[in-house]
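The primary structure of each chain is shown beneath.
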Amino acid sequence: MTQPATLGGRPVAPQPGVPAQERLIARFRGHGRRLFWSALLLIAVSGATAYLYGNLPEPFEDWMLLAAAGALVFFGAVLPLLIWSSRSYSITTQRVIAARGIGARNRRELSHMRGYTIAVRRGILQRMWGRARSRSPTGARRRCG
């Protein structure tokens, strides 16, 4: 009978013939760099609103300024943040999971037992920042994430 591999006295892999329990290896989102322009817009709108509040020309009122600033912040900063945070990727010991959606979650799973390839593409800027874009084509036409 073979002994399971150990690391510091703890078993790393289950004994042969015993089903392995699925464990989470990594959970991540897209890079936060996508939110740069949203953060810049939020700072600019906050500064402009503070500067113009009480100093508007005669036909305009302060409530109009606050309504316009609120709409800009919602559509330019809050909505992109919600979209970014609604997409997540998880890698477990048995599968890769791509999930998206705020209320109802749409999940796509790819089992490690099924053969698949991973394509990695890196541009010059991605190499400078130590990043890469990876794709795992599954044969499905629909894209998640």
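Now for a look at the structure at hand.

Rules used throughout
- Residues numbered from 1 in each chain as written.
- Predicted model: local features only at pLDDT ≥ 70, side-chain atom pairs only at ≥ 80, totals over all residues.
- Heavy atoms only, no water.
- Helix = DSSP H or I, 4+ residues; strand = E, 2+ residues; numbered from the N terminus.
- Contact = heavy atoms within 4.5 Å.
- Areas by Shrake-Rupley, 256 points an atom, 1.4 Å probe, with all protein chains shown as cover.
- Patch = residues over 30% accessible without salt bridge, like charges linked within 9 Å, V, L, I, M, F, W, Y side chains within 5 Å.
- Salt bridge = Lys/Arg side-chain N within 4 Å of Asp/Glu carboxyl O.
- Buried < 20%, exposed > 50% of the residue type's maximum accessible area, 1.4 Å probe, protein only.
- Pairing = 2+ DSSP bridges.
- Axes fitted to C-alpha atoms, helices over the stretch in contact; angles between N-to-C directions.
- Phe/Tyr/Trp six-rings, centres within 6.5 Å; stacked < 30°, edge-to-face > 60°.
- Polar contact = N/O pair within 3.5 Å; in protein donor to acceptor, adjacent residues only side chain to side chain.
- Expected span 1.5 Å × (residues − 1).
- Arc of directions from axis to C-beta.

## Points about the overall build of the protein
So, step 1. Looking only at helices and strands, the protein has three helices and eight strands in total.
So, step 2. Listing every helix and strand of the protein by position from the N terminus yields β-β-β-α-α-β-β-β-β-α-β.
So, step 3. Nonlocal contacts in the protein, meaning residues at least 24 apart in sequence, comprise 44% of its contacts between residues at least 6 apart.
So, step 4. For the protein, the exposed surface amounts to about 11600 Å²; the carbon and sulfur share of it is 61%.

## Quick word on a nonpolar patch on the surface
So, step 1. Side chains of Phe 74, Phe 75, Val 78, Leu 82 and Ile 102 sit close together on the surface and give an oily, nonpolar patch of about 490 Å² of accessible area.
So, step 2. Here Ile 102 shows up in the loop between strand E5 (95–100) and strand E6 (106–111).
So, step 3. Classification of Ile 102 by relative accessible area gives exposed; the value is 63%.

## What about the sheet that holds strand E4 (residues 87–92)?
So, step 1. Spatially, four strands are ordered E3-E4-E5-E6 in an open sheet, and the strand pairing comes out antiparallel. Two strands close off the open sheet at either side, each with one partner strand: strand E3 (24–28) and E6. For this sheet the average axis-to-axis angle between neighbouring strands, irrespective of direction, equals 15°.
So, step 2. Relative to E5, E4 runs antiparallel, the two sharing five bridges. Across the sheet, the residue bridging to Ser 90 is Ile 97, located in E5.

## What about the packing of aromatic side chains?
So, step 1. Scanning the model with the defined rule gives three aromatic pairs in all.
So, step 2. Taking 5.0 Å as the distance between ring centres and 75° as the angle between the ring planes, the aromatic pair formed by Phe 36 and Trp 37 counts as edge-to-face.
So, step 3. Residue Trp 37 is classed as exposed on the basis of its relative accessible area of 64%.

## Here's the deal with the side chain of Ser 86
So, step 1. Position of Ser 86 relative to the elements: it lies in the loop between helix H2 (62–85) and E4.
So, step 2. Overall, the relative accessible area of 9% leaves Ser 86 in the buried class.
So, step 3. Polar contacts involving the side chain of Ser 86 include one to the main-chain carbonyl oxygen of Ile 83, which spans 2.8 Å.
So, step 4. When sequence neighbours within four positions are dropped, the list of residues in contact with Ser 86 reads Arg 29, Ala 99, Arg 100, Gly 101, Ile 102 and Arg 105.

## Here's the deal with helix H1 (residues 36–52)
So, step 1. Compared with an ideal rise of 1.5 Å per residue, which puts 17 residues at 24 Å, H1 spans 24 Å between its outermost C-alpha atoms and is within 8% of the ideal.
So, step 2. When H1 is considered as a whole, its buried residues turn out to be Ser 38, Val 45 and Thr 49. Down the axis of H1, the buried side of the element spans an arc of 25°, and every buried residue falls inside it. Turned more than 90 degrees away from the buried face of H1 sit Ile 43, Ala 50 and Tyr 51, all of them exposed.
So, step 3. Against H2 lie the buried residues of H1.
So, step 4. Directly beyond the C-terminal end of H1, a positive phi value near 85° is found at Gly 54.

## Considerations on the pairing of E5
So, step 1. In textbook terms, the turn of a hairpin is the stretch between consecutive antiparallel strands, and for E4 and E5 this stretch comprises two residues.
So, step 2. Where E5 lies against E6, six bridges are found, and the strand directions are antiparallel. The partner of Val 96 across the bridge, within E6, is Leu 110.
So, step 3. What sits between the antiparallel neighbours E5 and E6 is a turn of five residues, in which Gly 101 has the positive phi angle 120°.

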